[in-house]
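Each chain, written out:
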Amino acid sequence: MAKVVKKAGRKGQEPVTRDYTIHLHKLLQKIQFKKRAGRAIREIRKFAARAMTTKDIRIDTKLNKFVWSNGVRNVPARVRIRLSRKRNEDEEAKEKMFTLVQHVPVESFKNLQTETVKDE
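Residues numbered from 1 in each chain as written. Predicted model: local features only at pLDDT ≥ 70, side-chain atom pairs only at ≥ 80, totals over all residues. Heavy atoms only, no water.

## Side note on the packing of aromatic side chains
For any pair of aromatic rings, the description rests on two quantities: the centre-to-centre distance and the angle between the ring planes.
Next, step 1: Applying the stated rule across the entire model yields one aromatic pair.
Next, step 2: When the ring centre of F98 is taken as reference, the NZ or CZ atom of R58 above it lies at 3.8 Å.
Next, step 3: A cation sits over an aromatic face here: R73 above F33, 3.9 Å from the ring centre. (Phe/Tyr/Trp six-rings, centres within 6.5 Å; stacked < 30°, edge-to-face > 60°. Lys NZ or Arg CZ within 6 Å of the ring centre and 35° of its normal.)

## Notes on the side chain of R36
Next, step 1: You can see R36 is positioned in helix α2 (residues 36-52).
Next, step 2: No salt bridge is formed by the buried R36; the nearest opposite charge belongs to E43, separated by 11 Å.
Next, step 3: Among the polar contacts made by the side chain of R36, one reaches the main-chain carbonyl oxygen of L28 at a distance of 3.2 Å.
Next, step 4: R36 has contacts with L28, I31, V72, R73 and V75, leaving out every residue within four places of it along the chain. (Helix = DSSP H or I, 4+ residues; strand = E, 2+ residues; numbered from the N terminus. Buried < 20%, exposed > 50% of the residue type's maximum accessible area, 1.4 Å probe, protein only. Lys, Arg positive; Asp, Glu negative; His and termini not counted. Salt bridge = Lys/Arg side-chain N within 4 Å of Asp/Glu carboxyl O. Polar contact = N/O pair within 3.5 Å; in protein donor to acceptor, adjacent residues only side chain to side chain. Contact = heavy atoms within 4.5 Å.)

## Things to note about a negative patch on the surface
Next, step 1: Among the surface-exposed residues, E89, D90, E91 and E92 lie close enough to one another that they form a single negatively charged patch.
Next, step 2: Secondary-structure assignment places E92 in the loop between β3 (78-87) and β4 (97-103). (Patch = residues over 30% accessible without salt bridge, like charges linked within 9 Å, V, L, I, M, F, W, Y side chains within 5 Å. Areas by Shrake-Rupley, 256 points an atom, 1.4 Å probe, with all protein chains shown as cover. Charge placed at Lys NZ, Arg CZ, Asp CG, Glu CD.)

## Section: the nonpolar core
Next, step 1: Ranked by size, the top nonpolar core spans 20 residues in total, and within it L24, I44, I81 and V101 carry the most contacts.
Next, step 2: When contributions to this core are tallied by element, the ones reaching two or more residues are β1 (16-23), α2, α3 (61-68) and β3.
Next, step 3: If one sorts the elements of this core by residue count, α2 sits on top with six residues.
Next, step 4: When residues no more than four places from it in sequence are discounted, the contact partners of I44 are I22, L24, I59, L63, V67, V79, I81 and V101. (Core = buried A, V, L, I, M, F, W, Y, C linked by side-chain atoms within 4.5 Å.)

## Quick word on the pairing of β3
Next, step 1: Sheet topology note: the β1/β3 ladder contains eight bridges and is antiparallel. Note on β3: the bridge partner recorded for T17 is S84.
Next, step 2: Pairing of β3 with β4, which is carried by seven bridges, proceeds in the antiparallel orientation. Bridged to S84 within β4 is L100. (Pairing = 2+ DSSP bridges.)

## Remarks on α2
Next, step 1: When the terminal C-alpha atoms of α2 are compared, their 24 Å separation across 17 residues agrees well with the 24 Å that a helix rising 1.5 Å per residue should span.
Next, step 2: Within α2, burial applies to R36, A37, A40, I41, E43, I44, A48 and M52. All buried residues of α2 project into a common sector of 160° when viewed along the axis, lining one side.
Next, step 3: Buried positions along α2 lie against β1, α1 (24-27), β2 (57-59), α3, β3 and β4.
Next, step 4: Backbone geometry just after α2 places T53 at a positive phi near 50°. (Expected span 1.5 Å × (residues − 1). Arc of directions from axis to C-beta.)

## Details of the environment of P76
Next, step 1: By the element assignment, P76 lies in the loop between α3 and β3.
Next, step 2: Exposure remark for P76: the relative accessible area of 12% places this residue in the buried category.
Next, step 3: Taking C-alpha positions, P76 is 7.2 Å from L24, a pair spaced 52 residues apart along the chain.
Next, step 4: Every residue in contact with P76, bar those within four places of it in the chain, is listed here: L24, F66, V67 and N70.

As structure tokens, then:
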């Protein structure tokens, strides 16, 4: 019998950029009005951590302004975001990679898919 050698763990994380649509409306059901916008930001952070497998999530100010644009109660139903996994330049950082979350303005959310963005 031949020995089967298992590879140790997962391949190292590479820098990558993807566009996602998050349906905030279904994530904010049964959340009291005064906590909706803050919860939306936390849900975006949680989604980014799951999608990019990094603990260090940085939310862009434009995305924060978009989520809060209608006030604390009336959070937009959907948001299109760009998740960029990048190398951490800080030498004494705990994590090697971090995720930058940016807002992508779109006219309509119809027929949008998750897309990998080519870096220029």
